[in-house]
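# Structural overview
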Amino acid sequence: MKIIMNEKGYSLILTMLIFLLFTVLSVSVLTVALSGVKRNQTSEDYVQARELANKGIEHITSQIQSDLKNELGEEGITRSEFITKLNTILNRYKDEVNSVHNTGATGEYRVYIRNIENVIENGEENPLKKKITFLSRGFVDGKEKTVISEVEIGAQSFLETLHYALGANKLCKTPNACIPGEGNMFLHGGVSITGDMKVDGNLIITNRGYAYLSDAFLSGEKWIASVYPSILPTQGKANANLLLGGNIFTFNHTPPYGQHITTSNFGSSYTKLTDRIDDAFYNRQAPVIVKRQPIRDDIQIPAQKSIFYYKHNSPGVTIIKANNRLISNQNRPNDKVYASHDECFLWCNEYIFTGNNLFKSFATAGSLTIRNLDNQFKQTTFKEGAYIEKDLTIGNEWSDSYNPNNYDKIRVDGPIFVNGDLTIRGADAEFNSIMYVMGNVTIEYSRINGLGQNGSLIIFAKGNINIRNNSVNQDEPSNIKGFFYSEQALEMFGVGSNIRIEGGISARRIVLNAIRGRASDRYFEGAQRITNNDYFEGAQNQIGKLSRLQIIYDPEIINTYADIKSREPVIKNLDPPKIINRDIE
């Protein structure tokens, strides 16, 4: 019996020990679980606090933009007024005592401006922009997160597109909005480039230039043997850069030209050379490839209209009558001028400038032609800009001469908005002007230089840009100093033509055709005969010769843009806030 009782006692003790062990384990597991829940809750609180701090940055940035837009109104304000308003509004949120505070269901945030700095662009201060350092704190259940963000706010920043000799841009956001060949650049033959290139799509290269030639027996599309394009760095740089969004292809067949330049599907007849780019450039001197996502400039060409537009009955307008179409030698530096007429027959709303003309600003509901029949330069100046409702023609629109001595000698100074097409033809012109053009741009039979030390012609066009028929079969090129931007396609020929551009070009699709050396309508030693009237330098002889299409980047174009832009009478548009840096503490 004692043995049995002892066994029962041991069983009881063992049962109690097991129960105690499981109790301890259960408590431990529960403690760990509760601790994990608490840690997860704490982590979630910090995440929510960080999100609230970021919302604080978005809130105050949006509020400042709204304050500035309210000050601009529909009519805009002057530059000096904008600078004053910008500083006043920013100081309204500066320092912690002026924090923007918001409390919601999950927590709260407090945000303010900790520091305001000047913005330096291209080595110079832009007084219309400021770099703002925001400090924002988010609070959730006693937990706190701090976000410090640097943001640029203001107007009139420099454009990305102005930094490149060539830029092919992808502007469409959906496939249906793209133009054929969107973002692609075609370099056919011996094109010469000095400066960096930006290609958002693909770069397509060949050692032949294209031309459509007319002949009684041999007319049609012709691919002319040449050399590969060349690219050199600007002064002070070791290499030119190529910012490439897609790939590099070469080809040696003769595709139908129209189909070729509008395709985005480069199949087996094209050779991909992205990994051995040296083979695609003259003397195997290739640029350095930089891969990145495309940056889209928001130039808003139509929005510029409101800056220059006014009517005959707008406040402060002086009306000048031009019943015979001619407006000559007007000296009105303080007048806001509107061109009109009492009566007309065949040439209604078509005005012609002759002589020297100076206006504070100018507008017309018609078209305008600027001519000069004298042998001395004549100048047209718009101190605060001009608005042309229809077309603008500069020079002799009937000219077909390749001799600059036969061109109209014209100088143009000041910004211009053209609601129609722009034609520069038969002009030996000097420009210091930004032109916003809603239609197409054609430049032919002309020579263009800058007006003054740093003057240039900068064109932003909604339509196509065609630069052609300049110095055809001539050994000396037509010099064109300017920057040309198209929201459609830009096509240029340096096969028969001979063109030297100092500045740059940018478009949604760029096609350049060129050879090196001579071109003529008759045979010369070493020539390759294409038709009975078209002879070009032989391919081997082109080595070492100058290109008939030279694009040379001019770094002064950015300063020129800023200088001319500053003459626009009012600020009407804000740049989107630009985040420079963001840190989480």
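Residues numbered from 1 in each chain as written. Predicted model: local features only at pLDDT ≥ 70, side-chain atom pairs only at ≥ 80, totals over all residues. Heavy atoms only, no water.

### Concerning the confidence of the model for the protein chain
Using the following cut-off: Each residue carries a pLDDT score, the predictor's confidence in it, ranging from 0 to 100. Only DSSP runs of H or I with at least four residues qualify as helices, and only runs of E with at least two residues qualify as strands; both kinds are numbered from the N terminus onward. Two residues form a contact once any of their heavy atoms are found within 4.5 Å.
Confidence in the prediction for the protein chain averages 88 pLDDT; 91% of positions are at 70 or higher. Here helix α1 (residues 2-72) is the element of the protein chain with the lowest mean pLDDT, 74, and strand β25 (residues 392-394) is the one with the highest, 98. Low pLDDT, under 50, characterises residues 1-5; the predicted model gives this stretch zero contacts beyond four residues in sequence or across chains.

### Some remarks on the pairing of strand β6 (residues 185-189)
Rules: The buried label goes to any residue with under 20% of its type's maximum accessible area, the exposed label to any with over 50%, and the partly exposed label to all in between, with areas taken from a 1.4 Å probe on protein chains only. In this analysis, strands are considered paired if DSSP registers two or more bridges between them.
The buried fraction of β6 amounts to five of the five residues, a majority that puts the element mostly inside the structure. Relative to strand β37 (residues 509-514), β6 runs parallel, the two sharing five bridges. Residue pairing in the sheet places His188 in a bridge with Asn513 of β37.

### Thoughts on helix α2 (residues 79-91)
One full turn of an α-helix is made of 3.6 residues, so residues set three or four places apart face in the same direction. Put simply, the test is: Here the expected length of a helix is defined as 1.5 Å per residue gap, with one fewer gap than residues. To obtain the arc, one takes the directions from the helix axis to the C-beta atoms.
Look at α2: 19 Å from first C-alpha to last across 13 residues, which is about the 18 Å you get at 1.5 Å a residue. Those residues of α2 that fall on the buried side of the exposure criterion are Phe82, Leu86, Ile89 and Leu90. On an axial view of α2, the arc spanned by its buried residues comes to 95°, and they lie on one face.

### Considerations on unusual backbone geometry
Positive phi is not limited to glycine here, since Asp95 has a value of about 75°. With respect to the secondary-structure elements, Asp95 resides in the loop between α2 and β1 (100-103). Among the residues examined, Asp95 registers a relative accessible area of 39% and is labelled partly exposed. We note that Asn469 has phi near 55°; this positive angle belongs to a residue other than glycine. Looking at the element boundaries, Asn469 is found in the loop between β33 (465-468) and β34 (478-486). For Asn469, a relative accessible area of 25% corresponds to the partly exposed category.

### Considerations on the packing of aromatic side chains
Stated precisely, the cut-off is as follows: Only rings of Phe, Tyr and Trp enter the pairing, Trp through its six-membered ring, and a pair is recorded when the two centres are within 6.5 Å. The plane angle decides the type: under 30 degrees is stacked, over 60 is edge-to-face, the rest tilted.
Scanning the entire structure with this criterion turns up 21 aromatic pairs. Measuring from centroid to centroid gives 5.8 Å for Tyr436 and Phe460, while their planes differ by 20°, and the two rings are stacked. Placement of the pair is Tyr436 in strand β29 (residues 427-437) and Phe460 in strand β32 (residues 457-461), with a sequence separation of 24 residues. The same class applies to Tyr436 and to Phe460, which are both buried.

### A word on a nonpolar patch on the surface
Basically, it comes down to this: Patches here: salt-bridge-free residues with over 30% relative accessible area, like charges joined within 9 Å, nonpolar side chains (Val, Leu, Ile, Met, Phe, Trp, Tyr) joined within 5 Å. Surface exposure here means Shrake-Rupley accessible area, sampled with a 1.4 Å probe, where a residue is shielded only by the protein chains that are shown. A pairing counts as a salt bridge when a side-chain nitrogen of Lys or Arg comes within 4 Å of a carboxyl oxygen of Asp or Glu.
Together, Leu14, Ile18, Leu21, Phe22 and Leu25 make up a nonpolar patch on the protein surface, roughly 500 Å² of accessible area in all. Inspection of the secondary structure assignment puts Ile18 in helix α1. According to the relative accessible area criterion, Ile18 is partly exposed, its value standing at 41%.

### Let's talk about the sheet that holds β1
Spelled out, the test is: Between the N-to-C directions of two axes lies an angle of 0 to 180 degrees, each axis being a line fitted to C-alpha atoms and, for a helix, fitted only over the stretch in contact.
Read across the open sheet, the five strands follow the order β1-β2-β3-β4-β42; overall the sheet is antiparallel. If you trace the sheet from one side to the other, it starts and ends with β1 and β42 (578-584), each paired once. Here the average twist between neighbouring strands, direction ignored, is 20°. When strand β2 (residues 108-121) meets strand β3 (residues 124-140), the two strands line up antiparallel, connected through 13 bridges. Its bridge partner being in β3, Glu108 is matched across the sheet by Phe139. The strands touched by α2 are β2, β3 and β4 (143-154); relative to β3, the strand with the most contacts, the crossing angle is about 20°.

### Focus: the state of the cysteines
Chemically, a disulfide is nothing more than a covalent bond linking the sulfur atoms of two cysteines. Threshold: For the purposes of this analysis, a disulfide is any pair of cysteine sulfur atoms at a distance within 2.5 Å.
Under the defined criterion, the tally for this structure stands at one disulfide. Between the sulfur atoms of Cys172 and its disulfide partner Cys178 the distance amounts to 1.9 Å. An S-S torsion of about 65° defines the bridge between Cys172 and Cys178 as right-handed. The exposure class of Cys178 is partly exposed, given its relative accessible area of 31%.

### A closer look at the side chain of Asp428
Going by this rule: Polar contacts, as counted here, are pairs of nitrogen or oxygen atoms within 3.5 Å of one another; within protein the pair requires one atom able to donate a hydrogen and one able to accept it, and residues that are adjacent in sequence qualify only if both atoms are side-chain atoms.
Tracing the backbone shows Asp428 in strand β29. A polar contact of 3.4 Å, which involves the side chain of Asp428, links it to the side chain of Lys409. Aside from chain neighbours lying at most four places away, what touches Asp428 is Phe377, Pro404, Tyr407, Asp408, Lys409, Ile410 and Arg447.

### Here we look at the sheet that holds strand β38 (residues 519-520)
Ordered by their spatial adjacency, three strands build an open sheet running β38-β40-β39, and the pairing between neighbours is antiparallel. Each edge of the sheet is formed by a strand with only one pairing partner; in this case those strands are β38 and β39 (527-531). Bridge count between β38 and strand β40 (residues 534-537): two bridges; the pairing is antiparallel. Pairing of Ala519 across the sheet is with Phe536, part of β40.

### Structural notes on the pattern of salt bridges
The final tally for this structure, using the stated rule, is 28 salt bridges. Among the salt bridges present, the one from Asp67 reaches Arg92, with a minimum N-O distance of 3.5 Å. Placement of Asp67 in helix α1 and of Arg92 in the loop between α2 and β1 is noted, with a sequence separation of 25 residues between them. By relative accessible area, which is 11% here, Asp67 ends up buried.

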